[in-house]
Amino acid sequence: MPTPEAGSVRGRRAVRLSVVDPATGETFDEVLDQQPGELDDVVARAERAWRGWRADPVARTAALRGAADAVEGAADGLARLLTREQGKPLAESYAEVARTAARLRYFAGLAPRTRRIDDGRPVHSEIRWRSLGPVAAIVPWNFPLQLAAAKFAPALAAGNTVVLKPSPFTPLATRLLGSVLASALPEDVLTVVTGREPLGARLVSHSGIRHVTFTGSVSTGRAVAGAAGVSLARVTLELGGNDAAILLDDVDVDGIADRLFWGAFRNCGQVCMAVKRVYVPARLHAEVVEALAQRAKTVAVGSGLDPESRLGPVNNAPQLARVVQVTERALADGARAASGGHRLDGPGYFFAPTILTDVPPGSPVVADEQFGPVLPVLPYGSVDEAVDAANGTGFGLGGSVWGTDLDRAGAVADRLECGTAWINHHAELSLAQPFAGVKDSGVGVAGGPWGFYGNLRPFVVHRPREA
Ligand code: NAD
């Protein structure tokens with residue numbers, strides 16, 4: 001069986017990267033810290049594998065369905081490792097593994113459609129679709145497996161090969177996933193490489209890479225877009241978000257409080273399209289703060305391996321430092337913590353689920369992406385004011401509107417400048433929908449047939465009309 005962690009250090013002592021369990025703060029394993037120079041061989045092998053992989057769509061579909069079965073068969077090992085290195089509760093890791101397999105199955109079922117343009121000329125044009133070549137997939141640490149699958153499943157289904165780089169904070173489950181997929185896919189069709197920023201930087205500027213599909217922060221996204229400019233590879237960027245939830249004055253606070261809370265706190269708030277700000281009519285503000293703070297104070301926080309835990313730790317030390325910093329800054333700016341507002345005692349990267357009120361709008365916890373278990377709840381006077389505030393950041397990933405009159409809520413949702421808007425819930429996605437952020441939240445389209453075609457190029461043949 002080929003090793004998916006290809007490009008290992010040949011003839012030199014391997015350098016290792018430590019992996020920390022965020023529930024304990026202690027190193028528990030390591031992976032290769034691969035060096036940029038190793039990528040020439042990895043990409044050349046991906047290029048060779050592409051020639052066979054692109055040639056047989058029927059075999060491809062079967063292999064991808066087999067890969068989905070293999071992922072489901074390995075769910076126990078994948079989910080446990082994911083919880084160890086990422087921190088999320090085990091039940092959520094199982095759900096993430098299931099979503100990984102679902103993406104493989106969904107995209108395995110798609111095929112490009114050949115179209116003929118017959119516009120009265122003496123020739124007609126036939127539009128066919130071709131794969132691109134080796135694709136670089138770069139993912140962050142919040143959903144390592146499902147975000148990787150959201151990239152490699154459409155890329156592979158379209159006939160490309162993939163070099164996948166996970167975050168150095170969460171490489172282990174991805175490395176295991178690579179081994180599992182290697183049992184179902186031909187050699188070098190999917191290669192997992194592990195390493196730090198220089199490895200990613202080299203991968204996205206490598207001349208053999210034809211599409212860079214990146215998920216991560218806005219600042220790294222800018223660097224990736226610049227680097228891919230060197231190779232002129234196609235670029236798809238799924239970047240940060242600062243989603244607003246606007247509650248209307250006819251909202252049923254009790255009826256929506258659980259959904260709203262989990263829209264913000266799932267995966268410890270480390271979700272690109274989590275609710276990151278809540279706008280509430282001034283007269284309902286105290287009631288909403290109370291409903292959310294009560295949940296934040298009582299939710300079970302602990303190791304993801306403990307079946308009682310609903311929230312795990314923040315994933316890594318730099319992210320915890322950021323969460324502490326934006327919270328302390330908000331408190332210094334005059335905010336009040338209705339719950340939490342501090343780290344939890346003991347080992348690990350735990351932060352108390354935090355509801356903030358009286359936050360000045362310019363404070364970073366409102367203006368930027370906090371990406372952690374901290375939620376500002378802001379009162380508004382008029383709906384126009386709330387919509388302006390919701391649209392008033394550089395981000396444009398998602399947003400939601402909550403109310404009893406669905407038509408009215410829908411009309412407000414129409415005014416949000418973002419890629420996906422929800423009514424009375426947040427962050428639910430269909431595999432068949434396009435997913436695209438606006439403004440700083442992204443470039444290009446992922447998801448559904450749009451994401452699939454994003455991994456193909458048109459090839460047009462003009463031929464004389466038959467007599
Ligand atoms: P990050 O940008 O720090 O890192 C993402 C990945 O890029 C990692 O694998 C990292 O090693 C790699 N990388 C770092 N420097 C690089 C470079 N110069 N060239 C190429 N690759 C490089 O992001 P993060 O902290 O891991 O993840 C959190 C961010 O991801 C948040 O902003 C979150 O909103 C965003 N995110 C967006 C989506 C989306 O779909 N829009 C989904 C999940 C997370």
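Note that this is a predicted model, so its numbers are computed, not measured.

Parameters at a glance
- Residues numbered from 1 in each chain as written.
- Predicted model: local features only at pLDDT ≥ 70, side-chain atom pairs only at ≥ 80, totals over all residues.
- Helix = DSSP H or I, 4+ residues; strand = E, 2+ residues; numbered from the N terminus.
- Rg over C-alpha atoms; globule rule 2.2 N^0.38 Å.
- Buried ≥ 20, exposed ≤ 12 C-beta atoms within 10 Å, placed from the backbone.
- Axes fitted to C-alpha atoms, helices over the stretch in contact; angles between N-to-C directions.
- Parallel < 35°, antiparallel > 145°, perpendicular 65-115°, else oblique.
- Left-handed = near helix turned anticlockwise from the far one by under 90°.
- Contact = placed C-beta atoms within 7 Å.
- Nonpolar A, V, L, I, M, F, W, Y, C, P; charged D, E, K, R; others polar.
- Pairing = 2+ DSSP bridges.
- Core = buried A, V, L, I, M, F, W, Y, C linked by C-beta atoms within 7 Å.
- Domains from an automatic or database assignment.

Points about the overall build of the protein
If you tally the helices and strands in the protein, you get 15 helices and 18 strands. By the compact-globule yardstick of 23 Å for 467 residues, the protein fits well, its C-alpha radius of gyration being 23 Å. Seen through its C-alpha atoms, the protein measures out along the principal axes to roughly 70 × 65 × 40 Å. Per-residue burial for the protein yields a buried fraction of 53% across its 467 residues.

As for the packing of helix H9 (residues 253-265) against helix H10 (residues 285-298)
Between H9 and H10, whose axes approach to 10 Å, the crossing angle comes to 50 degrees. In this view, H9 runs oblique relative to H10, as classed from their interaxial angle. Judged by the twist between their axes, the crossing of H9 over H10 is right-handed. Residues Val 253, Ala 257, Leu 260 and Phe 261 of H9 form the contact with H10, whose participating residues are Glu 287, Val 288, Ala 291, Leu 292 and Arg 295. Of the residues belonging to the contact of H9 with H10, the class tally is 7 nonpolar, no polar and 2 charged.

Re the sheet that holds strand E3 (residues 115-117)
Paired through their backbone hydrogen bonds, the strands of a sheet run either parallel or antiparallel. Pairing is antiparallel in the open sheet, where 3 strands are placed in the order E3-E4-E18. The open sheet has two edge strands with one neighbour each: E3 and strand E18 (456-464). Geometrically, the sheet is characterised by an average inter-axis angle of 30 degrees between neighbouring strands, direction not taken into account. Strand direction decides the pairing type here: strand E4 (residues 123-131) and E18, joined by 9 bridges, are antiparallel. For Ser 125, the partnering residue across the bridge sits in E18 and is His 462.

Observations regarding the nonpolar core
Of all hydrophobic cores here, the largest spans 76 residues; its most connected members are Leu 104, Ala 137 and Phe 152. Broken down by element, this core gets its largest block of residues, 10 residues, from helix H5 (residues 144-157). With sequence-adjacent residues up to four places away left out, Leu 104 is seen in contact with Leu 64, Ala 67, Ala 68, Val 71, Ala 149 and Ala 153. In terms of nonpolar packing, the next biggest core, distinct from the first, is built from 59 residues, Val 278, Ala 335, Val 374 and Ala 413 among them.

A closer look at the domain arrangement of the protein
As assigned here, the protein comprises domain 1 (6-239 + 432-462) and domain 2 (243-423). Between the C-alpha centres of domain 1 and domain 2 the distance comes to 30 Å. Contact residues are listed per partner, giving 21 residues for domain 1 and 24 residues for domain 2. At the level of elements, helix H3 (75-86) and helix H4 (90-108) are the ones that each hand at least two residues to the side of domain 1 that touches domain 2. Residue composition of the side of domain 1 that touches domain 2, grouped by class: 9 nonpolar, 8 polar and 4 charged.

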